[in-house]
Amino acid sequence: MSTRKTLFDKVWDSHVVKHIENGPDVLFIDRHMVHEVTSPVAFLGLKNRNIRVMHPEKTFATADHNTPTINQHLPVTDPLSANQLKMLEENATEYGISYWGLGHEKNGIVHVVGPEYGITLPGATIVCGDSHTSTHGAFGAIAFGIGTSEVEMVLASQCIMQPKPKSMRINITGELQYGVTPKDVALFIISQLTTSGATGYFVEYAGDVFSNMTMEGRMTVCNLSIEMGARGGMIAPDETTFHYIKDREFTPKGEAWNKAMDYWQTLYTDEGAEFDKELTFDGSQIEPMITYGTNPGMGMGISNDIPNSDTIQGGVASYKKSLQYMAFDEGDTMIGKPIDFVFLGSCTNGRIEDFRAFASIVKGRRKAENVTAWLVPGSHKVEAAIKDEGILDILTEAGFELREPGCSACLAMNDDKVPAGKYAVSTSNRNFEGRQGPGSRTLLASPLVAAAAAVTGKVTDPRELMEKEFA
Amino acid sequence: MAYDKFNILKTSAVPLPIENVDTDQIIPARFLKATERKGFGDNLFRDWRYNSDDSPKQDFILNNPIYSGKILVGGKNFGSGSSREHAAWAIYDYGFRCVVSSFFADIFRNNCLNIGVLPVQVSPEFLDRIFQSIEADPNTLFEVNLPDQSITILSTGEQELFDINDYKKENLLNGFDDIDYLLNIKEDIREFAKSRPL
């Protein structure tokens with residue numbers, strides 16, 4: 001067997017407690033993030049078995065899925081949501097887990113606050129009962145979403161049992177065009193692979209486009225790995241990574257930092273290591289993207305027309321059903337289609353760079369009359385930066401309001417629901433039927449495309465509104 | 001939690017010949033607010049099954065009394081999207097014990113295995129044959145045989161074998177769960193944890 005290892009091999013293999021022949025690996029988990037929706041039944045399981053959390057110090061709880069994004073200082077009005085939040089707080093207290101609940105200064109979306117406070121580290125294994133846990137792979141961690149039974153396993157034993165996935169490397173070479181963001185790169189990849197093209201694989205992203213990308217951009221890309229079916233995606237840590245994590249609250253300090261750095265610098269794919277699958281794309285060919293259907297694979301360059309059903313891969317009936325739901329026709333141009341809602345936020349695009357991008361377009365313009373816009377920071381830290389950097393002033397002047405942190409309209413568990421039949425240009429991650437509210441119609445796009453839609457009231461190529469120098 | 005043992009299932013099946021059925025369709029997010037694993041079956045495929053006034057949509061398969069059984073047959077890439085185990089719970093709670101497709105999303109497949117619902121992956125051709133045989137006769141019986149790892153269309157005898165790893169097979173046959181296993185190797189885990197100071 002080759003001694004040349006992939007980044008993924010290095011991290012996975014170093015966490016295997018035990019390998020079961022013709023079965024899964026028992027994988028040790030360094031960081032377990034917990035939120036209110038997928039944890040209560042797991043805690044109930046612990047109670048029924050009368051066991052404790054094995055490593056509360058490796059477990060971090062935050063409330064995000066169910067929380068309101070206005071008036072967070074007031075009691076939560078939805079009794080079911082309030083109950084879930086109360087349960088998480090009680091469970092965290094009972095088992096000695098740190099809890100960043102509603103109103104806590106560190107509260108925010110689990111995949112935004114983890115990196116912000118240095119909980120997310122290179123070479124770590126990170127799980128959470130949420131499929132977008134793949135976000136943390138941006139740091140060279142193995143991070144993936146798990147189900148509630150597995151949440152219970154990790155609480156009980158700090159391990160899960162999973163077969164090792166296959167490996168895939170996706171290289172994107174060259175330089176991105178101006179107006180093309182990490183979100184567009186990810187939507188492009190998914191449009192090429194389809195929503196099942198990476199199922200069974202763990203992906204490493206490599207090439208100039210990712211080397212030149214900021215940590216926030218890398219998080220956006222890794223976040224969307226699950227949307228092509230991949231368990232997760234990761235990027236080898238480099239100076240950009242180390243610079244980002246240094247001196248954050250939970251990162252190692254002093255001698256421990258030096259020791260960790262020695263290890264982290266070994267985290268790359270060895271020259272000649274083999275992948276089960278390898279794909280390469282030219283980054284300069286990617287356009288600002290938009291989706292037109294009901295899964296994230298149904299995306300295309302914003303200036304293109306909706307493909308005809310005889311040219312698509314996969315089932316024609318499902319494709320037609322999808323367009324019917326969206327009330328679009330084959331061959332339609334997306335540019336100029338009127339929209340009703342804009343959502344800036346989520347674990348995909350709720351970070352400060354996303355708000356900077358959005359502000360760069362709306363600056364000096366006005367929100368379109370027909371548009372309802374929900375701008376939801378990913379965390380209190382992002383919210384504070386929006387204010388400190390003067391972005392709030394730009395947004396306010398353009399007729400926008402800023403809401404309080406949470407998952408919000410990405411999955412519409414709280415009151416932020418897009419009404420039936422309405423169109424939303426959304427920076428989130430899923431355009432499934434009803435995802436943003438029963439009957440809602442979602443167009444996934446970057447913060448730039450969302451901003452262009454917000455000020456024009458229709459699908460607009462953001463490059464028409466951009467200053468060259470911003471890109 | 002421990003679950004029902006799975007051995008041989010002989011039953012009719014409910015066909016859902018749609019690709020990329022995501023877990024948001026299986027159970028929409030607004031029904032994830034419970035703190036106990038109860039009653040999720042009522043909201044299985046909620047927005048495909050009911051109108052906004054809660055009246056049943058007559059053309060949806062679960063509302064058509066001619067289809068029944070403990071097997072749900074879905075199109076390619078079944079269970080994609082959100083990791084919510086509630087999707088598997090809803091399928092179980094409704095009364096299904098087996099889901100058949102030509103391709104499953106990873107997390108959904110794991111979630112099913114962890115609660116005792118058997119995901120059976122068949123070839124696209126065999127999946128078509130299953131859909132055709134149900135279309136010809138909604139009462140068509142199927143046998144899902146876990147010990148033999150086979151699925152058979154009983155009316156025609158057509159059969160295909162499916163994969164499952166030995167460990168999970170053993171668990172399903174006996175109703176064992178992973179936590180019992182993990183608790184039994186707790187000392188190994190404790191020892192391992194010492195090498196992971198992070």
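To be clear, the structure that these remarks concern was listed above.
First, a word on scope: everything that follows refers to the structure included in this document. (Residues numbered from 1 in each chain as written. Chains lettered and ligands numbered in written order. Predicted model: local features only at pLDDT ≥ 70, side-chain atom pairs only at ≥ 80, totals over all residues. Heavy atoms only, no water.)

1. A look at the overall build of chain A
1) Next: When its secondary structure is counted, chain A shows 16 helices and 18 strands.
2) Next: A compact globule built from 471 residues would reach a C-alpha radius of gyration of about 23 Å, and chain A, at 21 Å, matches this within 12%.
3) Next: Principal axes of the C-alpha set define a box for chain A whose edges measure 55 × 55 × 45 Å.
4) Next: Out of the 471 residues belonging to chain A, those deemed buried represent 67%.
5) Next: Taking contacts inside chain A between residues at least 6 apart in sequence as the whole, the part at least 24 apart equals 75%.
6) Next: The averaged location of the 59 negative side-chain charges in chain A is 3 Å from the averaged location of its 42 positive side-chain charges. (Helix = DSSP H or I, 4+ residues; strand = E, 2+ residues; numbered from the N terminus. Rg over C-alpha atoms; globule rule 2.2 N^0.38 Å. Buried < 20%, exposed > 50% of the residue type's maximum accessible area, 1.4 Å probe, protein only. Contact = heavy atoms within 4.5 Å. Lys, Arg positive; Asp, Glu negative; His and termini not counted. Charge placed at Lys NZ, Arg CZ, Asp CG, Glu CD.)

2. What about the overall build of chain B?
1) Next: Helix and strand counts for chain B stand at eight helices and eight strands.
2) Next: The C-alpha atoms of chain B give a radius of gyration of 18 Å, which matches the 16 Å a tight globule of 198 residues would have.
3) Next: Here chain B holds 198 residues, and the buried ones make up 60% of them.
4) Next: Of the contacts formed within chain B by residues at least 6 apart in sequence, a portion of 65% connects residues at least 24 apart.
5) Next: Here chain B displays about 8100 Å² of accessible surface, and carbon together with sulfur accounts for 47% of that area.
6) Next: Between the centroid of the 21 positive side chains of chain B and the centroid of its 30 negative side chains there is a distance of 6 Å. (Areas by Shrake-Rupley, 256 points an atom, 1.4 Å probe, with all protein chains shown as cover.)

3. A few points about the nonpolar core
1) Next: The biggest cluster of nonpolar side chains holds 114 residues, and the ones touching the most others in it are Phe 358 of chain A together with Phe 45 and Phe 78 of chain B.
2) Next: Per-element tally for this core: the top contributor is helix H16 (residues 447–456) of chain A, with eight residues.
3) Next: Those residues in contact with Phe 358 of chain A, other than ones at most four positions away along the chain, are Val 342, Leu 344, Leu 375, Leu 395, Phe 400, Pro 447, Ala 450, Ala 451 and Ala 454 of chain A.
4) Next: One finds Phe 8, Val 53, Phe 202 and Ile 235 of chain A within the second-largest nonpolar core, a separate group that totals 88 residues. (Core = buried A, V, L, I, M, F, W, Y, C linked by side-chain atoms within 4.5 Å.)

4. Notes on the pairing of strand S9 (residues 166–173) of chain A
All names here are of chain A.
1) Next: In terms of burial, S9 is a largely internal element, six of the eight residues being buried.
2) Next: When S9 meets strand S10 (residues 201–206), the two strands line up parallel, connected through six bridges. The residue bridging Ile 170 from the neighbouring strand is Tyr 205, located in S10.
3) Next: Crossover handedness for the path S9 to helix H6 (residues 182–193) to S10: right-handed.
4) Next: Of the pairings in the sheet, the one linking S9 to strand S12 (residues 277–282) comprises six bridges and is parallel in character. Among the inter-strand pairings, Ile 170 is bridged to a residue of S12, identified as Leu 279. (Pairing = 2+ DSSP bridges. Right-handed = clockwise from strand over helix to strand, strands pointing away.)

5. Digging into the side chain of Lys 169 of chain B
Residue and element names in this part refer to chain B.
1) Next: As for its position among the elements, Lys 169 is in helix H6 (residues 166–174).
2) Next: Despite its burial, Lys 169 remains without a salt bridge, the nearest opposite charge being carried by Asp 166 at 5.7 Å.
3) Next: The contacts of Lys 169, once residues within four sequence positions are left out, are Leu 146, Pro 147, Gln 149 and Ile 164. (Salt bridge = Lys/Arg side-chain N within 4 Å of Asp/Glu carboxyl O.)

6. Observations concerning the interface of chain B and chain A
Reports often express the size of an interface as the amount of accessible area lost when the parts come together.
1) Next: In this assembly, 54 residues from chain B lie in contact with 69 residues from chain A.
2) Next: With both sides pooled, the region where chain B packs onto chain A buries about 5100 Å², and carbon together with sulfur makes up 59% of that total.
3) Next: One can count five salt bridges joining chain B with chain A.
4) Next: A salt bridge links Asp 30 of chain A to Arg 196 of chain B; its shortest N-O distance comes to 3.3 Å. (Buried area = accessible area lost by both parts, 1.4 Å probe.)

7. Digging into the environment of Val 180 of chain A
Residues and elements named next belong to chain A.
1) Next: Relative to the assigned elements, Val 180 resides in the loop between S9 and H6.
2) Next: The spacing of Val 180 and Ser 131 is 49 residues in sequence and 25 Å in space, taken between C-alpha atoms.
3) Next: Dropping the residues within four chain positions of it, Val 180 is found in contact with Ile 286, Glu 287 and Pro 288.

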